[in-house]
Amino acid sequence: QKEVEQDPGPLSVPEGAIVSLNCTYSNSAFQYFMWYRQYSRKGPELLMYTYSSGNKEDGRFTAQVDKSSKYISLFIRDSQPSDSATYLCAMSTMGGFKTIFGAGTRLFVKA
Amino acid sequence: GAVVSQHPSWVICKSGTSVKIECRSLDFQATTMFWYRQFPKQSLMLMATSNEGSKATYEQGVEKDKFLINHASLTLSTLTVTSAHPEDSSFYICSARTSGGDTDTQYFGPGTRLTVL
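Okay, so let's go over this structure. Per chain, the residues get numbers from 1 upward, laid out in the order the sequence is written. Just so you know, chain letters begin at A and ligand numbers begin at 1, following the order they were written in. Only residues with pLDDT of at least 70 get local features here, since the model is predicted, and only at 80 or more are side-chain atom pairs given and counted; chain-wide, interface and lining totals rely on the full set of residues. Here the side-chain values reflect all heavy atoms present in the structure, with hydrogen atoms and water set aside.

### Some thoughts on the packing of aromatic side chains
What characterises a pair of aromatic rings is the spacing of the ring centres plus the angle enclosed by the ring planes. Residues and elements named next belong to chain A. In summary, the pairing rule links any two rings of Phe, Tyr or Trp, Trp by its six-membered ring, whose centres are within 6.5 Å, and it sorts them by plane angle into stacked for under 30 degrees, edge-to-face for over 60 and tilted for everything else. Tallied over the entire structure, the rule returns 12 aromatic pairs over all chains. Taking 6.3 Å as the distance between ring centres and 25 degrees as the angle between the ring planes, the aromatic pair formed by tyrosine 32 and tyrosine 49 counts as stacked. Of this pair, tyrosine 32 sits in strand β4 (residues 30-38) while tyrosine 49 sits in strand β5 (residues 45-51); the two residues are 17 residues apart in sequence, bridging distant segments of the chain. Judged by relative accessible area, which is 2%, tyrosine 32 ranks as buried. By relative accessible area, tyrosine 49 is classed as buried at 14%. Working definition: helices are DSSP H or I runs of at least four residues, strands are E runs of at least two. Numbering for both runs from the N terminus. Residue burial is assigned from relative accessible area. The probe radius is 1.4 Å, only protein chains are included, and a residue is buried under 20% of its type maximum, exposed over 50%, and partly exposed in between.

### Digging into the state of the cysteines
Two cysteine sulfur atoms form a disulfide, by the criterion used here, when they sit within 2.5 Å. This model, assessed by the stated rule, comprises 2 disulfides over all chains. In this model cysteine 23 of chain A forms its disulfide with cysteine 89 of chain A; the gap between the sulfur atoms is 2.0 Å. As the torsion about the S-S bond is roughly -100 degrees, the cysteine 23 of chain A-cysteine 89 of chain A disulfide counts as left-handed. A residue pair is termed long-range when its members are at least 10 positions apart, and cysteine 23 of chain A in strand β3 (residues 19-25) and cysteine 89 of chain A in strand β9 (residues 85-93) qualify at 66 residues. Per residue, the accessibility class of cysteine 23 of chain A equals that of cysteine 89 of chain A, and both read buried. The disulfide bridge from cysteine 23 of chain B ends at cysteine 94 of chain B, spanning 2.0 Å between sulfur atoms.

### Quick notes on the side chain of serine 95 of chain B
Relative to the helices and strands, serine 95 of chain B is located in strand β9 (residues 90-100). Should any heavy atoms of two residues lie within 4.5 Å, those residues are counted as being in contact. Apart from residues lying up to four places away in sequence, serine 95 of chain B is in contact with Thr32, Met33, Phe34, Tyr36, Gln106, Tyr107 and Phe108 of chain B.

### Looking at the sheet that holds strand β8 (residues 76-81) of chain B
Residues and elements named next belong to chain B. Should DSSP find at least two bridges between two strands, the strands are taken to pair. Pairing is antiparallel in the open sheet, where 4 strands are placed in the order β1-β3-β8-β7. In the strand order of this sheet, the two ends are held by β1 (4-7) and β7 (67-73), each with one partner. Mean inter-strand twist for the sheet, computed between neighbouring axes without regard to direction, equals 15 degrees. Across 6 bridges, strand β3 (residues 19-25) lies against β8 in antiparallel orientation. Paired with lysine 20 across the strands is threonine 80, a residue of β8. To define axes, lines are fitted to C-alpha atoms, for helices over the stretch in contact only, and angles between the resulting N-to-C directions are given on a 0 to 180 degree scale.

See the structure below:
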């Protein structure tokens, strides 16, 4: 079993839709949770960062962490064609040596 | 947010030559830097982890003599692909880690596309 599971998609939605991206994990020691966005042929860009559990909102993006279920989500409201990219979840433990990445979900937002 | 640069952004070289890629954290000191490789439509594959002043830790299956990593300072790491071959053609991405308190995250460089002819 992988430490972090993420559906690779692709996920195709119409413009304006609410997008829900998810990851599950098995290591209960994870404390730091990140979401990255990667456009084709570019390096990943940090979108959201959450320490421990709870919600965090930034513009159209909301990150949620449910540690009891070992489940994290990224919601994108009013999705735009420019949101079309691969979204990677990532997590690490306190003092941990490595960050573990999900496989990435490819998102297509159709105009 | 923190900025990580990579140079060059792309390089084409002949088989058998060596290529050096630089990774710099521009506005912060990185406790650790990482090197990844990514093939088209695939996720990141961690190649090695480097800490300033110490030897890099390579992932299983990554040849340390082929992919030389030097971490000269808290803001600079280099990856040298020695005697490159066409199968080494890939997208190489570095990241720099910053941690402390409730912060522990990685910032990625823009990537370097290597094509070996």
